[in-house]
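Here is how the chains run, residue by residue.
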Amino acid sequence: DAGVTQSPTHLIKTRGQHVTLRCSPISGHKSVSWYQQVLGQGPQFIFQYYEKEERGRGNFPDRFSARQFPNYSSELNVNALLLGDSALYLCASSFGATGSTDTQYFGPGTRLTVL
Amino acid sequence: GNSVTQMEGPVTLSEEAFLTINCTYTATGYPSLFWYVQYPGEGLQLLLKATKADDKGSNKGFEATYRKETTSFHLEKGSVQVSDSAVYFCALQNQGAQKLVFGQGTRLTINP
């Protein structure tokens, strides 16, 4: 079975541009979460979506937005890119929104570089 | 708020040495605890987990026990291999939430 997939693998943008990152969850999983991992740090939670609704949001500015589609895939959008947005963006999927025993499985990530 | 603190790295060991990576947490309620591993250039892989106090998670020779009294979840392995070289992240997840809170990561290098 395919795991969580993300595209693109790498991306280079310049300051002020907009970027869209994509994620396809494991088949049967309805929840998708996004994390930002800056070099040398642990991942930071950005969003969680379940059944196309936002169920959680981390401490990120409004330049960050996301959505989930009927097939449970998801997009993360970042507007007005800053140098500090350079990071590995990770997507994780799980069965649902019930929490504690609902293990999240991560994709390989999208490496975003902002010049 | 919720937080996870890991021992600072990097950690360098010789092959077959005993490994301990310390992890302590602060959380409300009774979170689930996880260890994830990240190999160079890859995403995160779940290594092991424990969902309640005194549970022991284990996988690939690694073990960690959920200690509520000391709010700890230390990762151990009796005999490390070169292939264990990676960055290890301790994380917690509160009940009823999907959000994972990660520690800063510990880079482990095993020399032959």
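Above this text you will find the structure in question.
The shown structure was predicted, so the numbers you read here are calculated from the model rather than taken from an experiment.

1. Description of the sheet that holds strand 8 (residues 62-65) of chain B
All names here are of chain B.
Piece 1. Strand order in the open sheet formed by four strands is 3-9-8-7, with antiparallel pairing between adjacent strands. Both outer strands of the open sheet, strand 3 (19-21) and strand 7 (56-59), are each paired with one neighbouring strand and no more. Averaged over all adjacent pairs, the angle separating strand axes in this sheet is 15°, with direction ignored.
Piece 2. In this sheet, strand 9 (residues 75-77) lies alongside strand 8 in antiparallel orientation, the contact comprising three bridges. Following the sheet pairing, Phe62 is matched in strand 9 by Lys77.

2. A look at the state of the cysteines
Piece 1. Across all of its chains, the model carries two disulfides over all chains by this definition.
Piece 2. Between Cys23(A) and Cys91(A) runs a disulfide, and the two sulfur atoms are separated by 1.8 Å. The chirality of the disulfide connecting Cys23(A) with Cys91(A) is left-handed, given an S-S dihedral of about -60°. Of this pair, Cys23(A) sits in strand 3 (residues 19-24) while Cys91(A) sits in strand 9 (residues 87-94); the two residues are 68 residues apart in sequence, bridging distant segments of the chain.
Piece 3. With relative accessibility at 3%, the residue Cys23(A) sits in the buried group.
Piece 4. There is a disulfide in this structure between Cys23(B) and Cys90(B), and the S-S distance comes to 2.0 Å. The sign of the -70° torsion about the S-S bond sets the Cys23(B)-Cys90(B) disulfide as left-handed. Note that Cys23(B) is positioned in strand 4 (residues 23-26) and Cys90(B) in strand 10 (residues 86-93), a separation of 67 residues in sequence. In this pair, the class of Cys23(B) matches that of Cys90(B), namely buried.

3. Examining the pairing of strand 10 of chain B
Residues and elements named next belong to chain B.
Piece 1. Burial analysis of strand 10 places eight of its eight residues in the buried class, the great majority of the element.
Piece 2. In strand 10, alternate side chains face the same way, and those of Ala86, Tyr88, Cys90 and Leu92 on one face and Val87, Phe89, Ala91 and Gln93 on the other are all buried.
Piece 3. Sheet analysis places strand 5 (residues 32-38) next to strand 10, joined by seven bridges and oriented antiparallel. In the strand pairing of strand 10, Val37 is matched with Tyr88.
Piece 4. Judged from the three bridges that link them, strand 10 and strand 12 (residues 106-111) form a sheet pairing that is antiparallel. Residue pairing in the sheet places Tyr88 in a bridge with Thr106 of strand 12.
Piece 5. Across three bridges, the pairing between strand 10 and strand 11 (residues 100-102) is antiparallel. Each residue of the ladder has a partner; that of Gln93, found in strand 11, is Leu100.
Piece 6. Connecting the antiparallel pair strand 10 and strand 11 is a turn made up of six residues, with Gly96 showing a positive phi of about 80°.

4. Some thoughts on the sheet that holds strand 8 (residues 74-78) of chain A
Residues and elements named next belong to chain A.
Piece 1. Taken in spatial order, the four strands make up an open sheet running 1-3-8-7, and their pairing is antiparallel. In the strand order of this sheet, the two ends are held by strand 1 (5-7) and strand 7 (64-68), each with one partner. For this sheet the average axis-to-axis angle between neighbouring strands, irrespective of direction, equals 15°.

Rules used throughout
Residues numbered from 1 in each chain as written. Chains lettered and ligands numbered in written order. Predicted model: local features only at pLDDT ≥ 70, side-chain atom pairs only at ≥ 80, totals over all residues. Heavy atoms only, no water. Pairing = 2+ DSSP bridges. Helix = DSSP H or I, 4+ residues; strand = E, 2+ residues; numbered from the N terminus. Axes fitted to C-alpha atoms, helices over the stretch in contact; angles between N-to-C directions. Disulfide = S-S within 2.5 Å. Buried < 20%, exposed > 50% of the residue type's maximum accessible area, 1.4 Å probe, protein only.

Limitation: the analysis is restricted to geometry and does not speak to function.
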